[in-house]
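Read off the chains here:
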Amino acid sequence: MVANTTGEGWSSRRAFVLAAVGSAVGLGNMWRFPAEAGANGGGAFVMFYLLCVLLIGLPVLLSEVLIGRHGQSNAPESVRRVAAESGKSTRWAFLADIGVLGAFLVLSFYCVVGGWVLYYIGVFLSDIFTSGLIGGAFEGRDPAEVEALLPNLFGNGALMLGLHVAFLAITLYFVARGVSGGIEWVATWLMPAFFILFVAITIYGSFTGGFEEAVSYLFTVNFSALTGPVMLAAVGQAFFSLSLGVAGMMTYGAYVGRDVNLAGTSGIIAGADSAVALLAGLCIFPIVFAAGLEANAGPGLMFQSLPRAFQDIPFGSVIGLLFFVMVFFAALTSSISLLEAPTAWFKDRFRMPRPIATGIVSGGALVLGGFAAWFWGQPVPVLSDIALFDGQDTFSILDTLTSRILMPVGAILTSLFVGWVASRRLIDSENGLSGGLHHFWLFLVRWACPLALIVILIVGIFPSIIGE
Ligand code: TRP
């Protein structure tokens, strides 16, 4: 059996489940999922998304956690150990090197959006003092003014940068404190708080009058709406939401005890993540529909349509504040996992104390994310001439590069590695599956996942194939 060389671990299975659900549940669920579902026509997207979670996401999730738990180290070292024990080339560790890089890149732009969440917490907090507790938010203000809050923020590079740094600093603080002392502490307190707020706001929102419309919007499947671009968006969303392809779940897997059944736990993580995504739709759309607004506002849905809709509901400022506090909790537990993957690698690779490794990685994310914040909306010279990054700014390039290339590549290599390279005996002793399910999972990681992901990768790089 491989010894744990991280010197760290979760104190219980519950701690792991909360931390992993915390990693999965984040801005991807609260902001990106409803925005993507809205922009891609609702039901058809949602159905295909769920199918992707079940058939591609879950098998890869189990593969990642499995590698981490068996390797008991940072992601590349874990892959190296599994490869060595299976008598195969340790060059496979490359798949996790890409992952660690990917996690760092996602972290950089994730914290920029985390900064916007902090900004809206501030906006609603101050609005409680001007609009009072009882009525709608932003009393007496023109709706256009409320929707302009976001473009105004985008136009203020210094503020964007400051908010990014603030969010990153909070993330850094907890990761520097370690796995059981910091990461686990945040997960065990903030995830339950998140769930309570989330359910409360969803129930409150269901009385606004738009609930039925939201349900039919999200769950009426119109198969003709299932076009290539919609399917591509759904797969990308499934991967991002489950934190896959970039070594995050591998890193968390290394801190899991031997007694934990990985298949069952992966199922819980994927189930909770999808449930939160669907509920986020049922939380946001009723309020937005009740205000007579459209579903297809894209990224502006949460940051523009929703604040505007809070103008119309009783206790609007308070609900708005609680909503963004809740989103902040979800985002923080995710950014923590993004910082942890490169930190764990740095710490081992250069034998440095955790706080220093955390500081160095955060410093890099500060600069890169700082660029994305400061040069918001400005096409990056040279890079934006490439067709894939057509005219994009730093933020969008980071997003495109990670979700269209690094995540699919990481996931393809992970499933090939677990399906074909790692020894059967090793895999069988780790995955916690038996009988028919075991064979089905093996079929998925060997054939279905790599093939589906290769198609996704190609279409992601050449979107014109599907006419996007
Ligand atoms: N899954 C998170 C979300 O939905 C984001 C996230 C955390 C992530 N860790 C990740 C995304 C690793 C990709 C890879 O907000």
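Residues numbered from 1 in each chain as written. Predicted model: local features only at pLDDT ≥ 70, side-chain atom pairs only at ≥ 80, totals over all residues. Heavy atoms only, no water.

Trainee: Just to check I follow, could you spell out the site of the ligand for this structure?
Mentor: Around the ligand there are 15 residues in total, and Ala-24, Gly-28, Tyr-110, Phe-240 and Val-246 lie nearest to it. In this structure, Asn-29 approaches the ligand through a side-chain N or O atom, which is 3.3 Å from an oxygen atom. Contact with the protein chains hides 100% of the accessible area of the ligand, taken as 360 Å² for the molecule alone. Elements that contribute at least two residues to the shell around the ligand include exactly α1 (13-24), α2 (27-39), α11 (228-241) and α15 (316-349). (Near = heavy atom within 4 Å. Polar contact = N/O pair within 3.5 Å; in protein donor to acceptor, adjacent residues only side chain to side chain. Areas by Shrake-Rupley, 256 points an atom, 1.4 Å probe, with all protein chains shown as cover. Helix = DSSP H or I, 4+ residues; strand = E, 2+ residues; numbered from the N terminus.)

Trainee: For this particular structure, what's the right way to read helix α4 (residues 75-85)?
Mentor: Since the α-helix packs 3.6 residues into each turn, any two residues three or four apart lie on the same face. For α4, the full list of buried residues reads Ala-75, Pro-76, Ser-78, Val-79, Arg-81, Val-82 and Ala-83. Summarising the contacts, the buried residues of α4 are in contact with α3 (43-71), α5 (94-131), α12 (248-253), α15, α17 (394-421) and α18 (424-431). Gly-87, located one to two residues past α4, shows a positive phi value of around 75 degrees. (Buried < 20%, exposed > 50% of the residue type's maximum accessible area, 1.4 Å probe, protein only. Contact = heavy atoms within 4.5 Å.)

Trainee: What is the right way to read empty space enclosed by the protein from this model?
Mentor: Taking a probe equal in size to a water molecule and rolling it over the atoms shows the remaining empty space. Scanning the model with the defined rule gives 2 cavities of 30 Å³ or more in all. Roughly 170 Å³ of volume is contained in the largest cavity. Along its surface, the largest cavity is lined by 19 residues, and Ser-23, Val-106, Phe-240, Ser-243 and Leu-338 are the ones closest to its centre. Elements that contribute at least two residues to the lining of the largest cavity include exactly α1, α2, α5, α11 and α15. Tallied by class, residues from the lining of the largest cavity come to 11 nonpolar, 8 polar and no charged. Considering only enclosed or pocket space, the second largest cavity measures out at about 40 Å³ in volume. What lines the second largest cavity is simply Ala-19, Gly-22, Ser-23, Ile-183, Val-186, Ala-187, Tyr-252, Thr-333 and Ile-336. Those elements that place two or more of their residues in the lining of the second largest cavity are α1, α9 (179-205) and α15. Split into classes, the residues belonging to the lining of the second largest cavity amount to 6 nonpolar, 3 polar and no charged. (1 Å grid on protein atoms, 1.4 Å probe; cavity = no way out; pocket = protein on both sides within 12 Å on 5 of 7 lines; lining within 4 Å. Points joined across faces, edges and corners; volume = space filled by probe spheres on them. Nonpolar A, V, L, I, M, F, W, Y, C, P; charged D, E, K, R; others polar.)

Trainee: How do you make sense of the packing of aromatic side chains when you look at a structure like this?
Mentor: The relative placement of two aromatic rings is captured by the distance of their centres and the angle of their planes. As enumerated under the stated definition, the model contains 41 aromatic pairs in all. Seen in terms of ring centroids, Phe-124 and Phe-310 are 5.8 Å apart; in terms of plane orientation they differ by 85 degrees. Their pairing is edge-to-face. With Phe-124 in helix α5 and Phe-310 in the loop between α14 (300-309) and α15, this residue pair connects regions lying 186 residues apart in the sequence. With relative accessibility at 0%, the residue Phe-124 sits in the buried group. Exposure remark for Phe-310: the relative accessible area of 0% places this residue in the buried category. Positioned above the aromatic ring of Phe-350, the side-chain terminus of Arg-349 is 5.0 Å from the ring centre. Over the aromatic face of Trp-420 sits the side chain of Arg-446, whose NZ or CZ is 4.4 Å from the ring centroid. (Phe/Tyr/Trp six-rings, centres within 6.5 Å; stacked < 30°, edge-to-face > 60°. Lys NZ or Arg CZ within 6 Å of the ring centre and 35° of its normal.)

Trainee: What am I meant to see in the environment of Phe-371 here?
Mentor: With respect to the element layout, Phe-371 can be found in helix α16 (residues 354-374). Residue classification places Phe-371 among the partly exposed positions, given a relative accessible area of 44%. Note: C-alpha distance between Phe-371 and Phe-395 (24 residues apart in sequence) is 8.3 Å.

Trainee: Sorry, what's going on with the side chain of Ser-23 here?
Mentor: Here Ser-23 is to be found in helix α1. When its relative accessible area of 4% is taken as the criterion, Ser-23 is described as buried. Sequence-distant contacts of Ser-23, that is, excluding residues within four places in its chain, are made with Ser-243, Met-249, Tyr-252, Thr-333, Ser-334 and Ser-337.

Trainee: Sorry if this is basic, but what is going on with the layout of surface pockets here?
Mentor: In this structure, the largest pocket encloses a volume near 950 Å³. Lining of the largest pocket is provided by 41 residues; of these, Arg-32, Glu-36, Asp-399, Ser-403 and Arg-404 occupy positions nearest its centre. Of all elements in the fold, only α2, α5, α7 (149-154), α11, α14, α17 and α19 (435-461) reach the threshold of two or more residues within the lining of the largest pocket. Of the residues belonging to the lining of the largest pocket, the class tally is 23 nonpolar, 12 polar and 6 charged. By volume, the second largest pocket amounts to about 310 Å³. Phe-48, Ile-56, Val-235, Ala-452 and Ile-456 are, among the 17 residues lining the second largest pocket, the residues nearest its centre. A per-element tally of the lining of the second largest pocket places α19 first, with 7 residues. For the lining of the second largest pocket, the residue count by class is 16 nonpolar, 1 polar and no charged.

Trainee: Is there a simple way to think about the nonpolar core in this case?
Mentor: Trp-10, Met-30, Phe-194, Phe-303 and Phe-323 are the most contacted members of the largest nonpolar core, which totals 165 residues. Of all the elements, α5 adds the most residues to this core, at 23 residues. Not counting residues up to four positions away in its chain, the partners in contact with Phe-194 are Val-25, Met-30, Val-276, Met-326, Phe-329 and Ala-330. (Core = buried A, V, L, I, M, F, W, Y, C linked by side-chain atoms within 4.5 Å.)

Trainee: What is the right way to look at the environment of Ser-429 in this model?
Mentor: Mapped onto the elements, Ser-429 comes out in helix α18. You can call Ser-429 exposed: its relative accessible area is 54%. Sequence separation between Ser-429 and Ala-19 is 410 residues, and the spatial gap between their C-alpha atoms is 24 Å. Here the side chain of Ser-429 touches Leu-426 through a polar contact of 2.8 Å, landing on its backbone oxygen.

Coordinates in, geometry out; function isn't part of it.
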